[in-house]
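Close look at the chain arrangement
These are the residues of each chain, in order.
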Amino acid sequence: MWKARIEIMLKKSVLDPQGQAVEGALHSLGYDNVRSVRVGKYLEVDIDGGDKEAAGAQVREMCERLLANTVIEDYTFTVTEVQR
Amino acid sequence: MKFGVVVFPGSNCDLDAYHAIRDVLRHPVEYIWHQEESVAGFDCIVLPGGFSYGDYLRSGAIARFSPVMKSVVEFAASGGLVFGICNGFQVLVEVGLLPGALYRNTGLQFRCQFTNLVVENRNTPFTIAVEPGRVLKIPIAHGEGNYYADAQTLRAMEQNGQIVFRYATAGGEVTKDANPNGSLYNIAGVCNENKNVLGMMPHPERSVERILGSQDGLVIFESLVRYREGLR
């Protein structure tokens, strides 16, 4: 079985209101050296069968169709083999 | 003119839209359950506000795969009138019938308030009954109405008259302070290239009677009727 670990982040060109709020909170806690916080999503998806390449292709397709909105978001992922 | 109001699990402005059309506009209207596979027989499909599928993943992201949306996309492609309000607007951008995307408001607040809208294009089926220069007072209620499109898309939309509503002051001035959610260009509503699909974050169905504090939303529904009658 394959485990995909998917990160979805707002594109650099898109303002991240959540990231800004978190950054402000960190500054107010005294972490003055903190710069440009971005908040994203993390998903884990287990995929049965096939080889690594097929699992990766499927994850890419799922990101394009549903998991990410590529108008505003970028996605990256890794695929590793795991024991069932 | 017969309206259909799509009901997704989690829609919560479906009754408001139904009431506005049946009791105020006085036109036939029926609910369309999201599992329906046909929208035949309707002249205008309304995608109402709410939190379809709990807004899980992204607003509108899961609703766009509802069985009914396939026929809504076909209906739109054949020139049918499709009107997305709030969550319905989010569904329309997710399904690709409208350009751009809607995401978290700057300021992160859920904004529930009246807004003033200038009508940038009165030559659409949704705005033909709006008098020149009229500013529409229509409420918003959303946490994710921050409109984004890349610069190239925005330019094309502007040239093609697809930016239909913008947040403004009561006097019709488009200012930063009048922008409740951080939308680029103060965008409150947009249409597709063919002008038969429109999405807007403000709720015209919630401003159709004096008791609601504004009747300015009614002119959008009246525009649809006038447009439809003009086709006959």
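Everything quoted here is computed from the prediction, not taken from an experiment.

Things to note about the overall build of chain A
- Helix and strand content of chain A: 2 helices and 3 strands.
- Its helices and strands in sequence order give chain A the pattern β-α-β-α-β, from N to C terminus.
- Computed over the C-alpha atoms, the radius of gyration of chain A is 16 Å, more than 25% above the 12 Å expected from 2.2 N^0.38 for a compact globule of 84 residues.
- Each principal axis of the C-alpha distribution contributes one length, and for chain A these read about 50 × 30 × 15 Å.
- Put simply, chain A has 84 residues, and 31% of those count as buried.
- Partitioning the intrachain contacts of chain A with sequence separation of at least 6 by distance along the chain shows that 71% fall at a separation of at least 24.

Quick notes on the pairing of strand β11 (residues 197–200) of chain B
All names here are of chain B.
- Alternating residues of β11 divide into Val-197 and Gly-199 and Leu-198 and Met-200, and every residue in both groups is buried.
- Where strand β4 (residues 81–85) meets β11, 4 bridges bridge the pair, whose relative direction is parallel. Of the residues in β11, the one forming a bridge with Val-82 is Val-197.
- Here strand β10 (residues 187–191) runs beside β11; their pairing, made up of 3 bridges, is antiparallel. Within β11, the residue paired with Cys-191 across the bridge is Leu-198.
- With antiparallel pairing between neighbouring strands as the criterion, β10 and β11 make up a hairpin whose turn holds 5 residues, including Lys-195 at a positive phi of roughly 70 degrees.

Examining the environment of Gly172(B)
- On the secondary structure map, Gly172(B) appears in the loop between β9 (163–168) and β10.
- For the pair Gly172(B) and Val118(B), spaced 54 residues apart in sequence, the C-alpha separation works out to 5.8 Å.

Some thoughts on the interface of chain B and chain A
- Of the residues lining the interface, 17 residues belong to chain B; the matching set on chain A comes to 16 residues.
- Of the roughly 1400 Å² buried at the junction of chain B and chain A (both faces included), carbon and sulfur atoms supply 67%.
- At the boundary of chain B and chain A, one finds 1 salt bridge.
- Across the pair Glu73(A) and Arg58(B) runs a salt bridge whose closest N-O atoms are separated by 3.8 Å.

A word on the packing of aromatic side chains
Residue and element names in this part refer to chain B.
- On inspection of all chains with the given rule, the structure shows 5 aromatic pairs over all chains.
- The interplanar angle of 15 degrees and the centroid separation of 4.3 Å between the aromatic rings of Tyr-18 and Tyr-31 together place this pair among those described as stacked. Of this pair, Tyr-18 sits in helix α1 (residues 14–25) while Tyr-31 sits in strand β2 (residues 29–33); the two residues are 13 residues apart in sequence, bridging distant segments of the chain.
- A connected cluster of aromatic rings, assembled from ring pairs, spans Phe-83, Phe-126 and Phe-221.
- Sitting over the face of the ring of Phe-42, Lys-2 holds its NZ or CZ atom 4.9 Å from the ring centroid.
- The residue whose ring lies beneath Lys-137 is Phe-114, and the NZ or CZ to ring-centre distance is 4.5 Å.

Brief notes about the pattern of salt bridges
Residue and element names in this part refer to chain A.
- Per the stated rule, a full pass over the model turns up 15 salt bridges over all chains.
- A salt bridge links Lys-11 to Asp-74, with the nearest nitrogen and oxygen atoms 3.3 Å apart. In this pair, Lys-11 is assigned in the loop between β1 (2–10) and α1 (17–28) and Asp-74 in strand β3 (residues 73–81), connecting sequence segments 63 residues apart.
- With a relative accessible area of 40%, Asp-74 lands in the partly exposed category.

Side note on the sheet that holds strand β2 (residues 41–47) of chain A
Residues and elements named next belong to chain A.
- Spatially, β2-β1-β3 is the arrangement adopted by the 3 strands of the open sheet, whose pairing is antiparallel. In this open sheet, the two edge strands, each paired with only one partner strand, are β2 and β3. Strand-to-strand twist across the sheet, computed as the mean angle between neighbouring axes with direction ignored, equals 20 degrees.
- When β1 meets β3, the two strands line up antiparallel, connected through 9 bridges. Each residue of the ladder has a partner; that of Met-9, found in β3, is Asp-74.
- Along the sheet, helix α2 (residues 52–67) makes contact with β1, β2 and β3, crossing β3 at roughly 155 degrees.

A few points about the packing of α1(B) against helix α5 (residues 218–231) of chain B
All names here are of chain B.
- It is at 11 Å that the axes of α1 and α5 come closest, and there the two elements cross at 75 degrees. One finds that α1 runs roughly perpendicular with respect to α5. From α1, Ile-21, Val-24 and Leu-25 reach across to α5, where they touch Leu-218, Phe-221, Glu-222 and Val-225.
- For the contact of α1 with α5, the class distribution of residues is 6 nonpolar, no polar and 1 charged.

Rules used throughout
Residues numbered from 1 in each chain as written. Chains lettered and ligands numbered in written order. Predicted model: local features only at pLDDT ≥ 70, side-chain atom pairs only at ≥ 80, totals over all residues. Heavy atoms only, no water. Helix = DSSP H or I, 4+ residues; strand = E, 2+ residues; numbered from the N terminus. Rg over C-alpha atoms; globule rule 2.2 N^0.38 Å. Buried < 20%, exposed > 50% of the residue type's maximum accessible area, 1.4 Å probe, protein only. Contact = heavy atoms within 4.5 Å. Pairing = 2+ DSSP bridges. Buried area = accessible area lost by both parts, 1.4 Å probe. Salt bridge = Lys/Arg side-chain N within 4 Å of Asp/Glu carboxyl O. Phe/Tyr/Trp six-rings, centres within 6.5 Å; stacked < 30°, edge-to-face > 60°. Lys NZ or Arg CZ within 6 Å of the ring centre and 35° of its normal. Axes fitted to C-alpha atoms, helices over the stretch in contact; angles between N-to-C directions. Parallel < 35°, antiparallel > 145°, perpendicular 65-115°, else oblique. Nonpolar A, V, L, I, M, F, W, Y, C, P; charged D, E, K, R; others polar.

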